[in-house]
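# An overview of the molecular structure
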Amino acid sequence: MKNKIRYTCQGYKYAPESFKCYMVVINADGYNHSYYELESFTHKENTRVGIVCISKGKRAAEAEIKKIIRGKKEYYNNITYGYKSLDGGTITYLQWEKIDNDASIKNKLAIYKMVKEYYKEKNYIITEYSCTSFELGEECEVINQHKKEEKLILDTKPIKITFIKPKKEKSKYLNRI
């Protein structure tokens, strides 16, 4: 049997701003409950769930939490593949090779292969340039620019990178509870 996941909120009845939302993991035997606070929820979202809980009950609050969670998933739209440097501090990816997360597996595989081939041709070594100093002439034009060249050695195992796309603003009349 599998563990069950439910959502709930707790707070003071007369202060909706005091509510916190939780994910409850119920073990397969049905006896042990583990509460985990949903830290990705903002104060405004917790208050919104608190108002729904006070006015409509726990079931409606659970539905509201699920609605907010589904809405947060709309932020993640584009993905690509990249590589971490061996020192672990830098992630490199091709900015022009992005694809929608809902695309078919064939398209995702094509992007994966393109990115892999590109880095394989470079032997997993990327050259970075950083400007250390420069001199300005008249009218603020750059005369002498000194660049520092650094080589990054990349890990040969690709990683999936997800981009956050801002959510489109809705009309102020649609945001009512």
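In short, a report on the structure. (Residues numbered from 1 in each chain as written. Predicted model: local features only at pLDDT ≥ 70, side-chain atom pairs only at ≥ 80, totals over all residues. Heavy atoms only, no water.)

## What to know about the overall build of the protein chain
As a reminder of what qualifies: What counts as a helix is a DSSP run of H or I of at least four residues, what counts as a strand is a run of E of at least two, and both are numbered from the N terminus. Accessible area is worked out with a 1.4 Å probe on protein chains only. A residue is then buried under 20% of its type maximum, exposed over 50%, and partly exposed in between. Note on definitions: a residue-residue contact is assigned when non-hydrogen atoms from the two residues lie within 4.5 Å. Accessible surface is estimated by sampling points in the Shrake-Rupley manner with a 1.4 Å probe; for residues, cover comes only from the protein chains shown.
Each helix and strand in the protein chain was counted, giving three helices and nine strands. Across the 177 residues in the protein chain, those meeting the buried criterion constitute 28%. Expressed as a percentage of contacts within the protein chain between residues at least 6 apart in sequence, the contacts between residues at least 24 apart total 52%. Surface accessibility of the protein chain: about 13500 Å² in total, with carbon and sulfur atoms responsible for 51%.

## Notes on the pattern of salt bridges
Convention followed: What makes a salt bridge here is a side-chain nitrogen of Lys or Arg within 4 Å of a carboxyl oxygen of Asp or Glu, nothing more.
Under the counting rule described, the total for this entry stands at five salt bridges. Ionic pairing is found between Glu 37 and Lys 20, a salt bridge with its closest N-O pair at 3.9 Å. Of this pair, Glu 37 sits in strand 3 (residues 33-37) while Lys 20 sits in strand 2 (residues 20-26); the two residues are 17 residues apart in sequence, bridging distant segments of the chain. Lys 20 sits in the partly exposed class, given a relative accessible area of 37%. Note that Arg 59 and Glu 62 form a salt bridge whose closest N and O atoms lie 3.7 Å from each other. Here Glu 62 and Arg 59 lie together in helix 2 (residues 58-73), a separation of three residues that amounts to about one turn. Linked through salt bridges whose partners overlap, the residues forming this network are Arg 6, Arg 59, Glu 62 and Lys 66.

## Examining the packing of aromatic side chains
What counts, and what does not: Planes of paired rings set the category: under 30 degrees apart is stacked, over 60 is edge-to-face and the rest tilted, where pairs are Phe, Tyr or Trp rings (Trp by its six-membered ring) whose centres lie within 6.5 Å.
Evaluation of the coordinates by the stated rule reveals six aromatic pairs. Considering the side-chain rings of Tyr 83 and Tyr 119, the 4.9 Å spacing of their centres and the 65 degrees angle between planes classify their relative orientation as edge-to-face. Of the two residues, Tyr 83 is situated in strand 4 (residues 76-84) and Tyr 119 in helix 3 (residues 105-121); the sequence distance between them amounts to 36 residues. A relative accessible area of 0% places Tyr 83 in the buried class. With a relative accessible area of 1%, Tyr 119 lands in the buried category. Look at Tyr 83 and Tyr 124: their rings are 5.5 Å apart centre to centre, the planes differ by 65 degrees, and that puts the pair in the edge-to-face class. Linking Tyr 83 in strand 4 with Tyr 124 in the loop between helix 3 and strand 7 (125-136), this pair joins segments that are 41 residues apart in sequence.

## A short note on the nonpolar core
Worth spelling out the cut-off: We call a set of buried Ala, Val, Leu, Ile, Met, Phe, Trp, Tyr and Cys residues a nonpolar core when their side-chain atoms join them within 4.5 Å.
In terms of nonpolar packing, the biggest core is built from 12 residues, these being Tyr 7, Cys 9, Phe 19, Cys 21, Leu 38, Phe 41, Val 49, Cys 53, Ala 61, Ile 65, Ile 68 and Ile 69. Those elements giving two or more residues to this core turn out to be strand 1 (4-10), helix 1 (43-56) and helix 2. It is helix 2 that provides the largest number of residues to this core, a total of four residues. Not counting residues up to four positions away in its chain, the partners in contact with Cys 53 are Cys 9, Phe 19, Lys 58 and Ala 61. Membership of the second largest hydrophobic core comes to 11 residues, among which are Ile 99, Tyr 119, Tyr 124 and Ile 126.

## Some remarks on unusual backbone geometry
Of note in the backbone geometry, Asn 123 takes a positive phi value of approximately 60 degrees without being a glycine. Position of Asn 123 among the secondary structure elements: in the loop between helix 3 and strand 7. In this structure Asn 123 comes out as exposed when scored by relative accessible area, which is 56%.

## Observations concerning the sheet that holds strand 3
Heads up, the condition is: Paired strands, as defined in this entry, are two strands with at least two bridges between them according to DSSP. Interaxial angle, 0 to 180 degrees, is taken between N-to-C directions of lines fitted to C-alpha atoms, where a helix line uses only the stretch in contact.
Reading across from one edge, 1-2-3 is the order of the three strands in this open sheet, with antiparallel pairing throughout. Looking at strand neighbours, the two that pair on one side only are strand 1 and strand 3, the edges of this open sheet. Going from strand to strand, the sheet's axes swing by 30 degrees on average, the running direction of each strand aside. Sheet topology places strand 1 next to strand 2; seven bridges connect them, and they run antiparallel. Bridge pairing in strand 2 places Gln 10 opposite Lys 20.

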